[in-house]
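# Examination of the molecular architecture
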Amino acid sequence: MVSTRTGGRGLSRWRLATAGAVALVAVPTIAACGSENGITINVYQAPEQNFQTVVDRCNEQAGGRYKIVYNKLPRDADGQREQMVRRLAAGDTGLDVLGLDVTWVPEFAEAHWLQEFTGENKSDAEQGVLKGPLQTAMWNGKLYAATKNTNVQLLWYDDRVTPTPPQTWSEMIDMAKRLKSEGKPYRIVFTGAQYEGLVVLYNSLVASSGGQILSKDGKKVVMDQGAVDALKLLKDVSSAGVTDPSMPNAQEQQAQQAFEVPDSQAAFELNWPYVYAAMGAANPDRAKHFKWTRYPGIDGPSKTTIGGLNLAVSALSPHKPEAFDAVQCLRAPQSQKFQAICDGVPPTIESIYTDEAPIEPCPGATTTDKPTMASAYPMKDTILEELKEPAVRPLTVVYQNLSTITSKVLSPPADIDPEGTAQELRDGLQKALDSKGVLP
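Since this is a predicted model, take the numbers as computed values, not measurements. Counting starts from 1 at the beginning of each chain's written sequence and moves along it residue by residue. Totals for whole chains, interfaces and linings use all residues, but because this is a predicted model, local features are given only for residues with pLDDT of at least 70 and pairs of side-chain atoms are given and counted only at 80 or more. Note: side-chain values were computed over all heavy atoms of the structure, leaving out hydrogens and water.

### Digging into the overall build of the protein
Helical segments are the DSSP runs of H or I of at least four residues, strand segments are the runs of E of at least two, and each set is numbered from the N terminus. Counting its secondary structure elements, the protein contains 17 helices and 11 strands. In this setup the radius of gyration rests on C-alpha atoms only. A globule is expected at 2.2 Å times the number of residues raised to 0.38. Radius of gyration (C-alpha) of the protein: 21 Å, near the 22 Å computed for a compact globule of 440 residues. Summarising its shape, the C-alpha atoms of the protein cover approximately 70 × 55 × 30 Å along the three principal directions. By the burial criterion, 57% of the 440 residues in the protein qualify as buried. Between two residues, a contact is recorded if the distance between any of their heavy atoms is within 4.5 Å. Taking all contacts inside the protein whose residues are at least 6 apart in sequence as the whole, residues at least 24 apart take part in 76%. In the structure as shown, the protein presents an accessible area of about 17000 Å², 48% of it carried by carbon and sulfur atoms. Only four residue types enter the tally: Lys and Arg on the positive side, Asp and Glu on the negative side, with His and both chain ends excluded. Taken as the charge location is NZ of Lys, CZ of Arg, CG of Asp or CD of Glu. In the protein, 43 positive and 51 negative side-chain charges are present, and the distance between their average locations comes to 1 Å. Burial classification: accessible surface area is computed with a 1.4 Å probe over protein chains only, and a residue below 20% of its type maximum counts as buried, one above 50% as exposed, and the rest as partly exposed. Using a 1.4 Å probe, the Shrake-Rupley method yields the accessible areas, and only the shown protein chains count as cover for residues.

### Examining the nonpolar core
Looking at soluble globular proteins, one finds that nonpolar side chains tend to be buried together. Counting 78 residues, the largest nonpolar core has Ile-68, Met-84, Leu-100, Phe-108, Leu-114 and Leu-330 as the members making the most contacts within it. Residue contributions to this core peak at six residues, all from helix α12 (residues 320-330). Filtering out sequence-adjacent residues up to four positions away, Phe-108 remains in contact with Arg-81, Met-84, Val-85, Leu-88, Leu-98, Leu-100, Trp-113 and Leu-114. By nonpolar core we mean a set of buried residues, namely Ala, Val, Leu, Ile, Met, Phe, Trp, Tyr and Cys, connected to one another through side-chain atoms within 4.5 Å. Counting residues in each nonpolar core, the second largest holds 45 residues, with Tyr-202, Ile-213, Leu-402 and Val-409 among its members.

### Focus: the environment of Pro-74
With respect to the secondary-structure elements, Pro-74 resides in the loop between β2 (67-72) and α2 (77-89). Between the alpha carbons of Pro-74 and Pro-47 there is a distance of 7.5 Å; along the sequence they are 27 residues apart. Leaving out residues up to four positions away in the same chain, Pro-74 has contacts with Pro-47, Gly-79, Gln-80 and Gln-83.

### Points about the packing of aromatic side chains
Paired rings are identified among Phe, Tyr and Trp, the last through its six-membered ring, by centres lying within 6.5 Å, and are further divided according to the angle between planes into stacked (under 30 degrees), edge-to-face (over 60) and tilted (the rest). Taken as a whole and assessed by the stated rule, the structure comprises 10 aromatic pairs. Aromatic side chains Tyr-276 and Trp-292 sit 5.6 Å apart centroid to centroid with 85 degrees between the ring planes, which places their arrangement in the edge-to-face category. Residue Tyr-276 is located in helix α10 (residues 275-282), and its partner Trp-292 is located in strand β10 (residues 290-293); the two are separated by 16 residues in the primary sequence. Among the aromatic residues, ring-to-ring pairing joins Trp-156, Phe-259, Tyr-276, Phe-290 and Trp-292 into one connected group.

### Section: the state of the cysteines
Note on disulfides: each one is a pair of cysteine sulfur atoms within 2.5 Å. Within this structure, the stated rule accounts for two disulfides. Residue pairing for Cys-58: its cysteine sulfur links by disulfide to Cys-329, the two sulfurs lying 2.1 Å apart. The sign of the S-S torsion, about -95 degrees, decides the handedness of the disulfide formed by Cys-58 and Cys-329: left-handed. With Cys-58 in helix α1 (residues 51-62) and Cys-329 in helix α12, this residue pair connects regions lying 271 residues apart in the sequence. Taken individually, Cys-58 and Cys-329 each receive the classification buried, so the pair is uniform in this respect. Through a disulfide, Cys-342 is tied to Cys-362; the S-S separation comes to 1.9 Å. Looking along the S-S bond of the Cys-342-Cys-362 disulfide, the torsion reads about -85 degrees, which is the left-handed sense.

### Digging into helix α6 (residues 169-181)
For a helix, the expected span equals 1.5 Å multiplied by the residue count minus one. Its 13 residues place the ends of α6 19 Å apart at the C-alpha level, agreeing with the 18 Å of an ideal helix rising 1.5 Å per residue. In this structure, the buried side of α6 is in contact with β7 (154-158), β8 (187-189), α7 (196-208), α8 (225-238) and β9 (266-271).

### Observations concerning a negative patch on the surface
A surface patch of negative charge is lined by Asp-229, Asp-299, Asp-417 and Glu-419. Residue classification places Asp-417 among the partly exposed residues on the basis of a relative accessible area of 46%. Residues qualify for a patch when their relative accessible area is over 30% and they have no salt bridge, like charges being joined within 9 Å and the nonpolar side chains of Val, Leu, Ile, Met, Phe, Trp and Tyr within 5 Å. Any Lys or Arg side-chain nitrogen located within 4 Å of an Asp or Glu carboxyl oxygen qualifies as a salt bridge.

### A few points about the pairing of β2
In short, DSSP must find at least two bridges between two strands for them to pair. Sheet analysis places strand β1 (residues 40-45) next to β2, joined by six bridges and oriented parallel. Paired with Gln-45 across the bridge in β2 is Lys-72. The path from the first strand over the helix to the second decides the hand: if it runs clockwise while the strands point away from the viewer, the crossover is right-handed. Chirality of the crossover, the property in question, places the unit of β1, α1 and β2 among those that are right-handed.

Everything listed is a geometric property; what it means functionally is a separate question.
Rendered as structure tokens:
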């Protein structure tokens with residue numbers, strides 16, 4: 001499995017069992033254009049099924065001015081970050097373009113490892129990009145990366161069990177209790193394990209409550225009433241007798257599998273869009289009734305934590321003009337659309353969601369039908385709706401520390417004491433911000 005720490009970046013490698021879907025086979029390598037002047041642009045990024053095809057197309061577009069080489073980082077997010085941090089800290093000039101988790105931009109920018117996007121590079125990187133994803137590419141009011149893809153979680157359900165899905169958490173809990181009393185599938189499955197997925201869930205609840213964990217500049221802990229209310233809700237749902245027994249240890253795949261099994265007792269699943277294709281492969285009968293809706297809110301529309309990947313130019317690169325040019329091609333509208341359809345990673349450019357022009361069949365597809373965003377991405381409108389009102393994880397140079405502390409304090413969710421846990425988070429997170437704490 002690809003990294004799940006980011007909340008949806010790695011697990012976005014889903015494959016749709018519809019027209020133009022990608023078979024889970026190796027993609028044939030296309031010979032890239034040579035570089036007449038010998039310039040190589042090294043891109044370091046997590047493994048993605050069809051990103052090499054994007055690289056090949058951009059090499060053709062470069063016309064020999066440079067050659068992009070795709071260097072695959074480890075599958076786990078911590079391994080990706082560690083490899084880049086070590087090399088950049090050592091002054092390695094062999095990294096030109098960096099594939100960054102949406103939570104890493106502040107840390108890398110503060111360390112002076114990223115080249116700021118200015119002028120035409122900045123305007124090109126911002127054009128048509130949704131506000132939420134764009135926030136993740138910025139630090140201290142400056143743009144340090146270009147958005148490549150984004151992601152949000154949806155509420156998944158079986159329309160035979162709940163023809164009308166809940167709109168709020170309280171409705172969902174009440175429905176689950178009623179279904180349980182009727183002897184029907186009733187469980188709410190989500191990521192309750194001690195890792196980033198639990199932090200993503202909590203951040204969504206805080207934002208939906210109108211609360212804040214950190215100040216906007218990322219320098220102080222806030223943990224206001226909305227953050228406390230989110231703790232209460234997380235405890236309520238975890239202790240109401242409507243979750244799967246595996247919830248305290250469940251990551252994305254465990255939540256997914258709890259809904260897929262033939263004798264599943266799950267009625268609701270909170271997860272990323274990749275589960276749609278996974279359901280089609282694992283349980284075709286239930287897949288016919290596997291529907292989606294907006295992530296549940298609290299007193300109004302939800303705010304759902306976004307994941308995704310940004311492309312940055314290393315400040316140590318000896319080929320910055322070519323690296324910026326490569327970035328613009330690798331995350332251009334046509335590249336984002338191709339990967340949205342063929343790799344299942346939601347685009348950051350709004351216009352792509354309504355672009356219904358077909359593309360050529362994806363590499364490895366079992367059909368000659370030309371897929372469109374609608375045929376390959378049936379939940380795209382709901383994704384876009386959530387992306388217009390998203391929750392962004394706290395932007396801070398010590399996010400990794402904050403995430404580790406938060407997941408530890410929140411685990412297991414059923415043991416949360418709202419006021420006491422809030423104070424424990426205030427103390428631990430402030431120490432991390434002040435660099436006084438050690439990773440738990």
